[in-house]
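Architecture and fold: a report
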There are 2 protein chains.
Amino acid sequence: MKKRVVPGHVLATEIPDVVIQRLPLYQRTLSLMSKEGVEVVSSFRLGELLGSTPAQIRKDLSYFGRFGKQGTGYDVSYLADRVKQILGLEKEWPMALVGVGRLGQAIARYPGFAAAGFRIVALFDTDPEKVGKRVEGIAIQSVEEMPQALKAEDIQIAILAVPADRAQPVTDLLLEGGVKAILNYAPISLLRVPPDIVVRSIDPVLVLQSMTFYLNSY
Amino acid sequence: MKKRVVPGHVLATEIPDVVIQRLPLYQRTLSLMSKEGVEVVSSFRLGELLGSTPAQIRKDLSYFGRFGKQGTGYDVSYLADRVKQILGLEKEWPMALVGVGRLGQAIARYPGFAAAGFRIVALFDTDPEKVGKRVEGIAIQSVEEMPQALKAEDIQIAILAVPADRAQPVTDLLLEGGVKAILNYAPISLLRVPPDIVVRSIDPVLVLQSMTFYLNSY
């Protein structure tokens, strides 16, 4: 469980990682409401929209200060901005993508990242055949060049889309290059990283396999 | 929180969904060990491999019966088979994919699903231009045909890869067709479904946004 103290908060509290993982959804929902002109929202309504309880909403948000107004609700645009700021989403984040195979190419072409301020600015692959080729206008570099290239562009976030057996050595090179956060698409259960590095995995097969448990009873 | 009683278990217990979500990783790790010839594993070693504590491992597995042997550890191949059976992974699951845009096509071509026994057997799209075209040998059908087609092939799992504003109406058609589990790639926070339907969302942008919280402090 990763925790970080929110700077500038009067009552500095340690925030559980599960709360942090829910915040982006709060932010997305609140921004949408703000765009639609909604000014105030209750914890009850937020709970409905997010599939949570009003108590959970109030508890989650209480970690970050006193947002709610007794009896009226939350100021939507203020809360949206504050959560955005807490999450560090006010700036654009450059990212590296390692592994430009079938999956990597789909990731490189996915428009959702840039739309949310996450821009893939560097591509790497272990295959010498691929080095020098371009995807979405970006030239693929060799993984040997990676630590140097990452440092030169001050890239702190990397997407890992390599086969399972390449995941750990590539991760070691990412860390050498100063990467602090890894979005892992490689089907590997555990990457060895120091405690100050954030790794989150995306594995649709694992997700499907946890759903069939419920189907099994039909 | 979805719960289901494991059939045939002496002490039928309600199993928290968080435990169910961890089981596929147990199964993958144990199957790999079994293939490598490992016969017995301790909760300590499993904890190391899965990034969990020995106590957590023992608690998770205790929901499904008495697997461990005091002082020796778990029988790897027996436990791997048992977890596979509990999750319903002994058979092949046919799936429908709705939305054959850029993301949908990448999903249709992803080899990991079929390798794990999840086979995409039907494709649907709302765009009349796309209907009749083939991806990976499968003809795209219109979403209007969906309820009928899903029932005809007894498809219980669907992957949703449509834009956010199409997600709910398409979900309603999936349910009409008898779908019980939805893997949602649409960037929508909450799909309205009855309580016996399982929905899990994959949204890499939300994952990235929860990681920048930690980077923000560097």
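Please refer to the structure placed before this passage.
What comes next is a walk through the structure.

Each value, and the rule that gives it
- Residues take numbers from 1 onward in each chain, read along the sequence in its written order.
- Here the convention is simple: chains get letters from A, ligands get numbers from 1, in the order in which they are written.
- Local features are withheld for residues below a pLDDT of 70 in this predicted model, meaning they are given only at 70 or higher, and side-chain atom pairs are given and counted only at 80 or more; totals for whole chains, interfaces and linings count all residues.
- To qualify as a helix, a DSSP run of H or I must reach at least 4 residues; to qualify as a strand, a run of E must reach at least 2; elements of each kind are numbered from the N terminus.
- Two residues qualify as being in contact provided that their C-beta atoms, derived from the backbone, are within 7 Å of each other.
- Each residue is classed by its C-beta neighbour count within 10 Å, where at least 20 other C-beta atoms makes it buried, 12 or fewer makes it exposed, and intermediate counts make it partly exposed; the C-beta atoms are placed from backbone geometry.
- All copies are superposed by least squares; the fitting set is the C-alpha atoms of residues with a pLDDT of at least 70 in both.
- Here an axis means a line fitted to C-alpha atoms, over the contact stretch when the element is a helix, while the angle between two N-to-C directions is reported on a 0 to 180 degree scale.
- We call two directions roughly parallel when the angle between them is under 35 degrees, roughly antiparallel when it is over 145, roughly perpendicular when it lies between 65 and 115, and oblique otherwise.
- Charged residues are taken to be Asp, Glu, Lys and Arg, nonpolar residues to be Ala, Val, Leu, Ile, Met, Phe, Trp, Tyr, Cys and Pro, and polar residues to be all remaining types, Gly included.
- DSSP bridges decide pairing: two strands pair if at least two such bridges lie between them.
- Helix crossings are classified by the rotation of the near helix relative to the far one: an anticlockwise turn of less than a right angle makes the crossing left-handed, while a clockwise turn makes it right-handed.

Helix and strand counts for chain A come out as nine helices and ten strands. Summarising its shape, the C-alpha atoms of chain A cover approximately 65 × 50 × 35 Å along the three principal directions. Looking at chain A alone, contacts between residues at least 24 apart form 55% of all its contacts between residues at least 6 apart.

The subject of this paragraph is the environment of Gln56(A). Residues and elements named next belong to chain A. As for its position among the elements, Gln-56 is in helix H3 (residues 54–62). For Gln-56, a count of 16 C-beta atoms within 10 Å gives the class partly exposed. As for Gln-56 and Asp-165, which are separated by 109 residues in sequence, their C-alpha atoms are 40 Å apart.

So, on to the relation of the copies chain A and chain B. Aligned on chain B, chain A shows an RMSD of 0.0 Å; the corresponding rotation is 180 degrees and the shift along the axis is 0.0 Å. Between the two chains, the operation in question is that of a two-fold axis. Taking C-alpha positions as the reference, the residue of chain A nearest the rotation axis is Ala106(A), at 2.9 Å. Taken as a fraction of all interface residues of chain A, those also at the interface in chain B reach 100%, which identifies the copy contact as same-surface.

A few words on the packing of helix H2 (residues 43–50) of chain A against H3(A). All names here are of chain A. Where H2 meets H3, the closest approach of the two axes is 8 Å, and the angle between their N-to-C directions is 100 degrees. Viewed along their axes, H2 and H3 adopt a mutual orientation that is roughly perpendicular. The segment H2 lies against H3, with Ser-43, Phe-44, Leu-46 and Gly-47 engaging Pro-54, Gln-56, Ile-57 and Arg-58. A per-class count over the contact of H2 with H3 returns four nonpolar, three polar and one charged.

Attention now goes to the environment of Leu23(B). Along the chain, the position of Leu23(B) falls in helix H1 (residues 17–35). By C-beta crowding, Leu23(B) is classed as buried, having 23 other C-beta atoms within 10 Å. Each C-alpha atom of the pair Leu23(B) and Tyr63(B) lies 11 Å from the other, and the pair is 40 residues apart in sequence. Setting aside residues no more than four positions away along its own chain, Leu23(B) makes contact with Ser210(A), Val83(B), Ile86(B) and Leu87(B).

Residue and element names in this part refer to chain A. Strand order across the open sheet formed by seven strands is E6-E7-E5-E4-E8-E9-E10, with mixed pairing between neighbours. A single partner strand is all that each edge strand has here, and the edge strands are strand E6 (134–135) and strand E10 (198–201). Sheet topology places strand E5 (residues 118–125) next to strand E7 (residues 138–142); three bridges connect them, and they run parallel. Bridged to Asp-125 within E7 is Ser-142. Most of the contacts of helix H5 (residues 102–109) go to strand E4 (residues 93–98), to which it runs at about 160 degrees, and overall it touches E4, E5, E6 and strand E8 (157–160). Across the sheet, helix H7 (residues 146–153) is in contact with E4, E5 and E7; its angle to E5 comes to roughly 160 degrees.

Contact residues are listed per partner, giving 52 residues for chain A and 52 residues for chain B. For the side of chain A that touches chain B, the secondary-structure elements that each account for two or more residues are helix H1 (17–35), H2, helix H4 (76–87), H5, helix H6 (112–115), strand E9 (181–184), E10 and helix H9 (204–215) of chain A. Examining the composition of the side of chain A that touches chain B, we find that twelve residues originate from one element, H9(A), more than from any other. For the side of chain A that touches chain B, the per-class residue count stands at 33 nonpolar, twelve polar and seven charged.

Attention now moves to the sheet that holds strand E9 (residues 181–184) of chain B. Pairing within the open sheet is mixed, and its seven strands lie in the order E6-E7-E5-E4-E8-E9-E10 (chain B). The open sheet has two edge strands, strand E6 (134–135) and strand E10 (198–201) of chain B, and neither has a second partner. Those strands touched by H9(A) are strand E4 (93–98), strand E5 (118–125), strand E8 (157–160), E9 and E10 of chain B, and its axis lies near 160 degrees from that of E9(B). Along the sheet, helix H8 (residues 164–176) of chain B contacts E4, E8 and E9 of chain B; its crossing angle with E8(B), the most-contacted strand, is approximately 165 degrees.

For the pair H9(A) and H1(B), the least separation of the axes is 8 Å and the interaxial angle reads 120 degrees. The orientation of H9(A) relative to H1(B) falls into the category oblique. The hand of the H9(A)/H1(B) crossing is right-handed. The segment H9(A) lies against H1(B), with Leu206(A), Gln209(A), Ser210(A) and Phe213(A) engaging Ile20(B), Gln21(B), Leu23(B), Pro24(B) and Leu25(B). For the contact of H9(A) with H1(B), the residue count by class is six nonpolar, three polar and no charged.

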